[in-house]
Amino acid sequence: PITPPARIARCGVWKRFRFLNPIPSEPSVAEGQSGRVSGMIVVALALLVSGAAAAQFLFPPRPPTALADRTTETSFRVDESSFDDARTVQVAFDAGTDVAIVSPTSGRVTESSCAPGAKIKSGAIAAQISGTTVLAMYTVTPLWRPLSWGDTGPDVTALRQELNRLGAGIAESGPVDGSLVGAIAARLEPEGVDPPQFDSVPVERIMWIPQAEVTMVSCDATLGAAVESGATFGKVAGNISAARVVEVPTDLAPGARVLRVDGVTAPVDESGIVTSPEALAEFAASPSVRKTTQAEEADAAQLAGVLSLAEATAVSAVPPATVFAVEGTSACVTSGGRDVAVRIVGSKLGKTYVVAAEKQGKLPESVDIPGKADQKCET
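Residues numbered from 1 in each chain as written. Predicted model: local features only at pLDDT ≥ 70, side-chain atom pairs only at ≥ 80, totals over all residues. Heavy atoms only, no water.

**As for the overall build of the chain**
- In terms of regular secondary structure, the chain is built from 8 helices and 23 strands.
- Relative to its full complement of 379 residues, the chain shows a buried share of 31%.
- Residue pairs in contact within the chain that sit at least 24 positions apart in sequence constitute 64% of those at least 6 positions apart.
- Accessible surface computed for the chain: about 22,900 Å², of which carbon and sulfur atoms make up 55%. (Helix = DSSP H or I, 4+ residues; strand = E, 2+ residues; numbered from the N terminus. Buried < 20%, exposed > 50% of the residue type's maximum accessible area, 1.4 Å probe, protein only. Contact = heavy atoms within 4.5 Å. Areas by Shrake-Rupley, 256 points an atom, 1.4 Å probe, with all protein chains shown as cover.)

Laid out in structure tokens, this is it:
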């Protein structure tokens, strides 16, 4: 090291020269030991990391106990279940044209139950014309003629059946007699008032309606208006002329089926079409169906429904892996070395639903996974 002259040192200039030309010093013992320790730590960490990485390959992580048991399980219990093969489908409705209902008599409308959107039920008072009560009545066969004592025919039978549906408690078949005439008379007057006496069915006081409950679309004979017999009293919304499943699933379980839409359940044929007049009338009375069929959009006349078996069937639920030798709906399961032929009826939520094939009897209490993927069915 260079020793500065005393004058330069006193001037403080030396400090700057020292900064530019530092005086080397010998490392202390403590610093040397610290360096060696740091190096050993780095080496140890490197060995630890490399050892952990090697362990990942040599000793892969073990699965949880629950999962490990599943991978080795080969036998499964057969669960009994109820199966209705319910499917969500789109249902299309075709609404019929509005129907005119006519006044059965002439006079001036002094009271009326008609209003756009109002409902009129069979057996209820529809109006008073010149003070005479007029009864709304639905019959399968419209009342088209005077009905005298002893008359018979489909119109008489239809009238008897509707009165019975309304609680009259008369015979559903037979000619016009006192019980039939009396049941009509009882509905023409309020409860507690003596009914009028008739020698025949007073058809001039019965206004035929096309359904058990109708929704009025318009009213031609307003309060105070004069009407003639046979003139339009008002128009009611048309019945549903057809209801059908838009696209019937192709893998349905065999059996009679029903269709549920907006609380109405109706039988359907194999093509997914509702043919029952009673069911179509119920659909027509459904608020959702009515709103849908009145929409202007062509695609709007559809609602979601549920297509299901009319009667749920008892089935066995097994894991799909236990079912083999599948051909269409025919398949097999095996239990304890014995194969059992089954018929597949459906699947849901990771379960396959099967029933024993004909002449196979009851299925075993448990089934096994087949020994090989292409195992044949030995029954």
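**Here's the deal with unusual backbone geometry**
- The phi dihedral of A325 is positive, around 55°, even though this residue is not glycine.
- Along the chain, A325 turns up in strand β19 (residues 324-327).
- We classify A325 as partly exposed; its relative accessible area is 34%.
- Phi at L349 is positive, roughly 50°, even though this residue is not glycine.
- Note that L349 resides in the loop between β21 (338-348) and β22 (351-356).

**Quick word on the side chain of R160**
- Structurally, R160 can be placed in helix α5 (residues 154-165).
- On the basis of relative accessibility, which here comes to 1%, the residue R160 falls in the buried class.
- Each residue touching R160, except ones within four places of it in the same chain, is listed here: I170, A171, E172, S173, G174, P175, D177, S179 and L180.

**Focus on the pairing of strand β5 (residues 107-112)**
- In this sheet, strand β11 (residues 226-227) lies alongside β5 in antiparallel orientation, the contact comprising 2 bridges. Bridge pairing in β11 links R108 to A226. (Pairing = 2+ DSSP bridges.)

**Some details on the environment of P277**
- Note that P277 resides in helix α7 (residues 277-285).
- On a C-alpha basis, the gap between P277 and V140 in space is 9.8 Å, while along the polypeptide they are 137 residues apart.

**Remarks on the state of the cysteines**
- Taken as a whole, this structure holds 2 disulfides when the rule is applied.
- The residue that forms a disulfide with C114 is C219, at a sulfur-sulfur distance of 1.9 Å. When the S-S torsion is -95°, as for the bridge of C114 with C219, the disulfide is left-handed. Here C219 lies in strand β10 (residues 213-219) and C114 lies in the loop between β5 and β6 (119-121), a separation of 105 residues in the sequence.
- Of the residues examined, C114 reaches a relative accessible area of 14% and is grouped as buried.
- Put simply, C332 and C377 are joined by a disulfide, and their sulfur atoms are 1.5 Å apart. Within this pair, whereas C332 is found in strand β20 (residues 330-335), its partner C377 is found in the segment after β23 (366-368), the two being separated by 45 residues in sequence.
- Classification of C377 as partly exposed rests on a relative accessible area of 27%.
- Sequence-ordered numbering of the bonded cysteines in the chain gives a disulfide pattern of 1-2, 3-4. (Disulfide = S-S within 2.5 Å.)

Keep in mind these numbers describe shape, not what the thing actually does.
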